[in-house]
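Listed below are the residues making up each chain.
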Amino acid sequence: MKLQAPRGTRDIFGKDALSYQMVERAFMDLALVYGFQPIRTPTFEPTGTFKRSLGDSTDIVNKEMYTFLDRSETSLTLRPEGTAPVVRAMISNGLTREVPLKFYYLGSMFRYERPQKGRYREFFQLGVECLGPNDPKVDCEVMALGHHLFKKLKIEDKIQLEINSLGDEESRKSYKKKLFSYFSKFKSELSEDSQRRLTSNPLRILDSKDEKDQKFLTEVPSLADSLNDPSRKYFDKVLKSLDDLKIPYVINAKLVRGLDYYNHTIWEFTTTALGAQNAVLSGGRYDGLMKTMGGPSLPGVGFGGGIDRMVLLLEEGLSKTIPSVAVVAMAEEAQAEAFALLNELRYQDIPSVMFFSGQPGKQLKKANKKECWGALLIGEDELKNNSVSLKDFESGQQLSIPRDQIASDIKKRLTKFKEQTQKVEDC
Ligand code: HAM
C-alpha cells in the first residue's frame, strides 16, 4: 500500500510553504511590536488541560480531540487549541505574579473534523494571549493586532470583524436560563446532541449545524437583552475604542463562539471567500479560565488565527519564490573556485545555488528553469583573469566582473531588483 499523509493533513511545499512562512514572519514581527513575547508549549498536553478548560459540552472536547494513552497509561491529548496550554504554562512555571503577561505563539493544532477546503485535522494557528489587565482597551488592542496583520498581508478587503458580548458570569447565567426555558418547549424535536446540551450548556445549541435544531434558532431570545449594566458598559467601551482606532466592525448578536471559557467580548474576523470556513481569526475575553485551571484569578483576552485560511486568501503575487543566482563551474579546474564563490555569496546573505552535477550548459538551463535571475560563470579564462562572468537571464547580457568586486556588485543589483519588485507590488 502506498504511504500517504493521513486524511485531513497535507504536505506543504513550494510557493505554498513560502506563503506560510511569510504569514508567520509578518505575525511574529507584529506581535513583538505590540509587546508580546514568544512562548512554545508542548504539542501534546495532559488531557485535563483541555477537559477542564474548554467545557465538557463543546464539540472539541466531545468529538474532536486526539486523545491517547501513552506507554505508561497516561492520558494525553494533541492540542486542539493554544489558549489552555498557554494558561497552563503560566501556572506551571509560576509566571503569574508579574502582570501583564503577554505571549504569542505559532504551531499546529489537531481536531478530528470532517476535512474540507480551509478545514483540516492538523492545521496551523498563530495566536496571542494577554493576562492581567481587565480593560476594554486591551480587548481592542488585541483586535487591533489582528486587523493590522490583515493590512500587512493585504487581505483586509476580504475580511470583516464581527463582534458580540456574552457579558459577565451573572449575565451569562441569566441568558442560559432564558435559553433553557425557550428550548425546553421543543426538547423532543431537538437533535440528540442538543437535548444533551440543554442541561449541560444550552449556549452550545446556538452553534449547532444540525438541521433539526436550525429551525428553532431564528426566534431565539437575544443575548443583548440579558446583559446587566456593568456588562453593557464594558461592551460599549470596547466598541468606543474600536471607533477611536477606526477599526471597522459589525455587531453580530448571534455570535457565541464554540468554547466555554469566554465571557464579555467575543469576536471573529470572517471572510466570504472560503465558503463554509468563514472564520479567519477569532478570540475573546476569558476572565475565569486561569482560576478554573487551578491558578490565581487573572483575567485574560486573546485570539487564535488560522494560518491555512490566511494563506488561501493571499494574493498570488505575495507568494513567490526568492530569486537566486546560480554559480556554474565551466571547467573541471574551476570547481573549487566556484564552490568558494558560492560560500562567499552566502556569507553576504545573497541567495545563491549550485547544481554540482551535469554539463555546464545543462546547469545553465536548470538555473533558468529554477527561477534564478542569473548565473555566475567561472571557467579557464575567468581563472586566468581573476574575474567572474555574470549572465543576466532577463536582459540576456553577459559581462565580466573582477573577482574581488563580485559580492558587492551582486548586492547592488539585488537591492535594485528588490526596489523594482516592491514598486510593482505597491501599485
Ligand atoms: P477557534 O475559533 O477554535 O479559537 O480557532 C481559531 C481559528 O483557528 C479559527 O478562526 C480558524 O481560522 C482556525 N481553525 C480552527 N479550526 C480549524 C481547522 N480545523 N482547520 C483550519 N483552521 C482552523 C481558538 O482556538 C481559541 N484558542 C482562540 C483564542 C485565543 N481565544 C482566546 N485566545
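Let us look at the structure shown here. The structure presented is a predicted model; accordingly, all values stated were derived computationally and were not measured.

## Remarks on the packing of aromatic side chains
Here's step 1: Scanning the model with the defined rule gives 11 aromatic pairs in all.
Here's step 2: Considering the side-chain rings of tyrosine 20 and phenylalanine 124, the 5.9 Å spacing of their centres and the 85° angle between planes classify their relative orientation as edge-to-face. One end of the pair, tyrosine 20, is in helix 1 (residues 14–33); the other, phenylalanine 124, is in strand 6 (residues 122–131), with 104 residues separating them in the sequence.
Here's step 3: Judged by its relative accessible area of 8%, tyrosine 20 falls in the buried class.
Here's step 4: Owing to a relative accessible area of 21%, phenylalanine 124 belongs among the partly exposed residues under this scheme.
Here's step 5: When the centroid spacing of 5.8 Å and the interplanar angle of 90° are considered together, the rings of phenylalanine 27 and tyrosine 104 count as edge-to-face. Of the two residues, phenylalanine 27 is situated in helix 1 and tyrosine 104 in strand 5 (residues 101–110); the sequence distance between them amounts to 77 residues. Both residues of the pair, phenylalanine 27 and tyrosine 104, count as buried.

## A look at the sheet that holds strand 16 (residues 398–402)
Here's step 1: Spatially, five strands are ordered 13-12-14-15-16 in an open sheet, and the strand pairing comes out mixed. Of all the strands in the sheet, the pair left with one neighbour each is strand 13 (352–353) and strand 16.
Here's step 2: Direction of pairing for strand 12 (residues 325–329) relative to strand 14 (residues 374–378): parallel, over a ladder of five bridges. Bridge assignment links valine 328 to a residue of strand 14, and that residue is leucine 377.
Here's step 3: Of the strands in this sheet, strand 12, strand 13, strand 14 and strand 15 (387–392) touch helix 12 (residues 335–347), which is tilted by about 160° from strand 12.

Quick notes on the rules
- Residues numbered from 1 in each chain as written.
- Predicted model: local features only at pLDDT ≥ 70, side-chain atom pairs only at ≥ 80, totals over all residues.
- Heavy atoms only, no water.
- Phe/Tyr/Trp six-rings, centres within 6.5 Å; stacked < 30°, edge-to-face > 60°.
- Helix = DSSP H or I, 4+ residues; strand = E, 2+ residues; numbered from the N terminus.
- Buried < 20%, exposed > 50% of the residue type's maximum accessible area, 1.4 Å probe, protein only.
- Pairing = 2+ DSSP bridges.
- Contact = heavy atoms within 4.5 Å.
- Axes fitted to C-alpha atoms, helices over the stretch in contact; angles between N-to-C directions.

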